[in-house]
There are 2 protein chains.
Amino acid sequence: MASSTLICETQPWKDLKAHLDDIKNTHLRNLMSDTDRCKSMMLEFDNLFLDYSRQCATTDTIDKLLKLAEAARLKEKITSMFNGERINSTENRPVLHVALRASRDAVIQSDGTNVVPEVWKVLDKIRDFSERVRTGAWVGATGKALTNVIAVGIGGSFLGPLFVHTALQTDAEAIESAAGRNLRLPEAVAKHMVAVSTNLTLVEKFGIDPENAFAFWDWVGGRYSVCSAVGVLPLSLQYGFPVVEKFLKGASSIDQHFSSAPFEKNIPVLLGLLSVWNVSFLGYPARAILPYSQALEKFAPHIQQVSMESNGKGVSIEGVPLPFEAGEIDFGEPGTNGQHSFYQLIHQGRVIPCDFIGVVKSQQPVYLKGEVVNNHDELMSNFFAQPDALAYGKTAEQLLNENVAQHLISHKTFSGNRPSLSLLLPSLSAYNVGQLLAIYEHRVAVEGFIWGINSFDQWGVELGKSLASQVRKQLHASRKKKEPVEGFNFSTTTMLTKYLEASKDVPADPSTHLPNM
Amino acid sequence: MASSTLICETQPWKDLKAHLDDIKNTHLRNLMSDTDRCKSMMLEFDNLFLDYSRQCATTDTIDKLLKLAEAARLKEKITSMFNGERINSTENRPVLHVALRASRDAVIQSDGTNVVPEVWKVLDKIRDFSERVRTGAWVGATGKALTNVIAVGIGGSFLGPLFVHTALQTDAEAIESAAGRNLRLPEAVAKHMVAVSTNLTLVEKFGIDPENAFAFWDWVGGRYSVCSAVGVLPLSLQYGFPVVEKFLKGASSIDQHFSSAPFEKNIPVLLGLLSVWNVSFLGYPARAILPYSQALEKFAPHIQQVSMESNGKGVSIEGVPLPFEAGEIDFGEPGTNGQHSFYQLIHQGRVIPCDFIGVVKSQQPVYLKGEVVNNHDELMSNFFAQPDALAYGKTAEQLLNENVAQHLISHKTFSGNRPSLSLLLPSLSAYNVGQLLAIYEHRVAVEGFIWGINSFDQWGVELGKSLASQVRKQLHASRKKKEPVEGFNFSTTTMLTKYLEASKDVPADPSTHLPNM
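Computed from a prediction, not measured in an experiment: that's the story for all the values here.

Here the second largest pocket defines a volume of roughly 530 Å³. Lining the second largest pocket are 29 residues; nearest its centre among them are Gly283, Pro285 and Arg350 of chain A together with Pro285 and Glu325 of chain B. Where the lining of the second largest pocket is concerned, the elements lending two or more residues are helix 1 (11–24) of chain A together with helix 1 (11–24) and helix 12 (267–281) of chain B. Of the residues contributing to the lining of the second largest pocket, the split by class is 16 nonpolar, six polar and seven charged.

Below is the structure:
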């Protein structure tokens, strides 16, 4: 494919469009009765178990999607990413979050230099620093050992660490390692400061000892930074480096799988291709992420960021406007919350492809009085039941056989034919959490590679920022010098004026300073 | 309109369809230059300020939507709701959450009985109970006054109280009233128990003194229960009844506005009609809820539930399958989080109508070193800027004038023409939080009334539940009696077998009991 050809102009894309009718005329109920098909749509890797048999797809669809991957030069693009080429071309940067979790002896080149030693230099520094803090060798201003860590996130880079921190709440090793320690991830300022930055010179100017600064690099985007010092430092202070190292190893295991497994057995590739199928061919604009574990409650918000900021683009990487829509609307809650919230719509309203994420071993299954299964089996009963409920639905005929009152038949009918996939993790150990993260990061990359967009820039956040700076100037001028609101449209002028008027008792001068924490 | 006529068969619906082209050919940039239009699309009520001028709509669109409201008999339906008629016809129940916040002297009939005295009987009991607890007159088992309250939510009914509890974190009166007290809203069990239930007989059987049981009624759905004892009791224990009463009064103020204001000046009606316009005519499947306040971080998850469970339906209230899609996908985060997460997609990817929610007065605005505006003005700069960024976008021509490099022009172009609305609250007092809740509750009802669906049932959650009970039986039989997995399809059988095998060290008997808290 010539670099300026859009993917939708290729033959495999057209073949998939032509194939749509075959799928639209087949109910998932029927597809699910084909055992060979179901068998071929399951996959195990490194104790993960993936079942994608409830996608509205046949083996023929998968073959055609693999041809689409060829047309999009997916293999070459993945290789370019791992080779440190500047695939984020609009910002002229490599995309190397995989280097952040590469083993010490791995070689990942960026501009002819192996970046892995640099990564490990920072990791070693974090290991050493967090050990000193955790053993009490490092003390605070009052001479006491430090047990509370506040990670001051900038922008979206706190969502990843927040997800991992929350996810580790049930892992026995993590719990034990974190005893007596607190980690908070607010956007605030702290008194005892160390820094994580791409700009160590600026950090020094700011008054922080370079010894207490931890580098990361411009080849790590904010939304891909959880495996950099941004995430690893606070997590290491809280859980100790050995736990965090397991997290990195889990992610690295998926990195290797992603870069080397044949596409038909490659979890992130298959998930990415199926998402393209759901979005661009079946026309489903959203995806629900439904972990059956409260500890994964911050997973959906993090993936919302990873996915929507990466793939919410309107032009190809070469700048050609896309004649199709890229990117999904990602949202989700743990299943236990979601079931009482938006599952109604998912079952009887719009079709929303669902990711069900289950965990085999929970920390401590307990039996509640009068229940035949423990609380984890209870949770998992829902994890196993919902995908079939979505796929099969329930017909009027079935309801008639159950003697449901005539006037309720159509209200209790479920159309079914709603796609989902199920991913079963062995546990929520740090290793498994790392795997989960990397699967989703790479799935998003696969989608972007297929759509032919740049999943690693984010120009779409610029305009709001620049307009906000105009408003900021106006608020300052109006509060300080009573200048009238000018240069905005009628609506904004009206609302700004109302706002200034209603809040006019706010001091115009920076006399109120931030209180000490 | 005859009761079995679908709304899409009426003339006003067809007129709106015909009107689509006028709108699709007009950029919001142009619509915004018409001052008279903008002026007519702003509305003030009870210190709330609504600006809907950035909807892709003209005054003509609004007129046509008001005709659609007539065709849908919106006025009659609202009246029926307030009159306690059994408008939740599939469950044969009235829908009377408005009675929960009616003033003591109001009269709201259900089956010929005024329910307001019953409501106030419970509210008085809550007031009395929470006063006794808060003054220390009521003590726990160890003779100490109680300061920690754990509200054990069932299903989705904890999302509402969680939203309100979080929202009150910056209100001075709420802060002062809650000093030294903790409220947690997990799904767990507690030791010192009082109960909130529709079934007081069962509560007594369970061993709870009826004196400590607080009633609510089958005319309150779980997702509309935050103003019942479900929400009012824990909030009252935490903040005292006077604060909670203000919350109820704020909601009640909107109830009265909703039931009496002419539609063209009626906030929930206008918002509901505009949502129908966005969803059913412009074809936008989602809505982003973007409060510019961290204290409103639980608002979107709550509204996700209220909206998606209410309107995610596939048949009309009479049971006729809908030839159009009802219900939006609702999602959102506070703007500060969202800006670094999904705003990229909102600006340059899919069109998602946005609700911007701002607050005039923050608790304690502070100036950070080197900033010309305080932190609240900084936040609000974004609140004012984003809607214009979405509406106007940025053209290639503008970028050329700014000397942007040619190869970045299309990446930095913003199409604009993306609808939003802005709602400005005077503060986050309990009263304002009550207003906000009621506006969204009624907006969802308006959408459902127009679409002709039953927004108050939730049959779509039943199928998953019944399939889960099959899985539960299987897990029990397999763990306890080693019975093989039977009666499921190949995929589910395979995954269930893997799960049982991988977790076989879980005790088969209820020997592990729930530890005391």
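Interfaces are often described in size by the accessible area the parts lose on coming together. At the interface, 122 residues of chain B touch 122 residues of chain A. Approximately 10500 Å² of surface area, both sides summed, lies buried where chain B meets chain A, with 65% of it carried by carbon and sulfur atoms. By the criterion of area lost to chain A, the three top residues of chain B are Arg350, Tyr367 and Met495 of chain B, representing 8% of everything that side buries. Taken together, the links from chain B to chain A amount to eight salt bridges. Of the charged contacts, one joins Lys498 of chain A and Glu44 of chain B as a salt bridge, the two residues approaching to 3.2 Å between their closest N and O atoms. Counting every contact that joins chain B to chain A gives 42 residue pairs in polar contact (both at pLDDT 80 or more). With twelve residues, the top contributor of residues to the side of chain B that touches chain A is helix 16 (residues 375–392) of chain B.

Our focus in this paragraph is the packing of helix 6 (residues 116–135) of chain A against helix 10 (residues 229–239) of chain A. Residue and element names in this part refer to chain A. Relative orientation of the contacting elements helix 6 and helix 10 amounts to 30°, with a least axis distance of 8 Å. What the angle tells us is that helix 6 and helix 10 run roughly parallel. Viewed along their axes, helix 6 and helix 10 form a crossing whose handedness is right-handed. Contacts between helix 6 and helix 10 involve Val122, Leu123, Ile126, Phe129, Ser130, Val133 and Arg134 from the first element and Ala229, Val232, Leu233, Ser236, Leu237, Gln238 and Tyr239 from the second. Split by residue class, the contact of helix 6 with helix 10 holds ten nonpolar, three polar and one charged.

Residue and element names in this part refer to chain A. Pairing in this open sheet of six strands is mixed, and the strands run 1-2-12-11-9-10 from one edge to the other. Both edges of this open sheet fall to strand 1 (42–45) and strand 10 (329–331), since each of them pairs with a single strand only. In this sheet, adjacent strand axes meet at a mean angle of 15° when their direction is disregarded. Looking at chain direction, strand 9 (residues 286–291) and strand 10 are connected through three bridges and run parallel. Across the sheet, residue Ala286 finds its bridge partner in strand 10, namely Ile329.

Even without glycine at this site, Asn92 of chain A takes up a positive phi of about 55°. Inspection of the secondary structure assignment puts Asn92 of chain A in the loop between helix 5 (74–82) and strand 3 (109–110). For Asn92 of chain A, a relative accessible area of 47% corresponds to the partly exposed category. With phi around 60°, Asn403 of chain B is a residue other than glycine that occupies positive phi space. Overall, Asn403 of chain B belongs to the exposed group, its relative accessible area being 69%.

Strand pairing in a sheet relies on backbone hydrogen bonds. The paired strands run either parallel or antiparallel. Residues and elements named next belong to chain B. As summarised here, the arrangement of the six strands in space is 1-2-12-11-9-10, forming an open sheet in which the pairing is mixed. Of all the strands in the sheet, just strand 1 (42–45) and strand 10 (329–331) have a single pairing partner and so form its edges. The sheet shows a mean angle of 15° between the axes of neighbouring strands, direction not considered. Summarising the sheet, strand 1 and strand 2 (residues 48–51) pair through four bridges and their orientation is antiparallel. Note on strand 2: the bridge partner recorded for Phe45 is Leu48.

Residues and elements named next belong to chain A. In terms of burial, strand 12 (residues 420–425) is a largely internal element, six of the six residues being buried. The side-chain alternation of strand 12 yields two buried faces, one formed by Ser420, Ser422 and Leu424 and the other by Leu421, Leu423 and Leu425. With three bridges joining them, strand 2 (residues 48–51) and strand 12 adopt antiparallel strand pairing. Residue Phe49 lies in a different strand from strand 12, and its bridge partner there is Leu424. Sheet topology places strand 11 (residues 354–359) next to strand 12; six bridges connect them, and they run parallel. Residue pairing across strands places Phe356 opposite Ser422, the latter belonging to strand 12.

Scoring rules and cut-offs
Sequence order sets the numbering: in each chain, residues are counted from 1 along the sequence as written. Chains carry letters and ligands carry numbers; both start at the beginning, A for chains and 1 for ligands, and go up in the order they are written. The predicted origin of the model limits local features to residues at a pLDDT of at least 70 and limits the giving and counting of side-chain atom pairs to 80 or more, whereas totals for whole chains, interfaces and linings rest on all residues. Hydrogens are left out, water is left out, and the side-chain values use all remaining heavy atoms of the structure. Cavity and pocket criteria rest on a 1 Å grid covering protein atoms alone: a 1.4 Å probe that fits but cannot get out defines a cavity, protein on both sides within 12 Å along at least 5 of 7 lines defines an open pocket, and an atom within 4 Å of a point defines a lining residue. Grid points are joined across faces, edges and corners, and a volume is the space filled by probe spheres set on the points. Counting from the N terminus, the helices are the DSSP runs of H or I reaching at least four residues and the strands are the DSSP runs of E reaching at least two. In this count, Pro and Cys sit with the nonpolar residues alongside Ala, Val, Leu, Ile, Met, Phe, Trp and Tyr, while Asp, Glu, Lys and Arg are called charged and the others, Gly among them, polar. When checking whether two residues touch, look at their non-hydrogen atoms; a contact exists if any pair is within 4.5 Å. Buried area adds together the accessible area that both of two parts lose upon being put together, with accessible area traced by a 1.4 Å probe. Here, a salt bridge means any side-chain nitrogen of Lys or Arg that lies within 4 Å of a carboxyl oxygen of Asp or Glu. Polar contacts, as counted here, are pairs of nitrogen or oxygen atoms within 3.5 Å of one another; within protein the pair requires one atom able to donate a hydrogen and one able to accept it, and residues that are adjacent in sequence qualify only if both atoms are side-chain atoms. To obtain each axis, a line is fitted to C-alpha atoms, and for helices this fit is confined to the stretch in contact; angles are then taken between N-to-C directions over 0 to 180 degrees. In this scheme, roughly parallel covers angles under 35 degrees and roughly antiparallel covers those over 145, while 65 to 115 is roughly perpendicular and the rest are oblique. In this scheme the crossing of two helices becomes right-handed for a clockwise turn of the near helix relative to the far one and left-handed for an anticlockwise turn of less than a right angle. Here, a strand pair is defined by DSSP locating no fewer than two bridges between the strands. Only protein chains enter the calculation, and the probe is 1.4 Å; a residue is then buried if its accessible area is under 20% of its type maximum, exposed if over 50%, and partly exposed in between.

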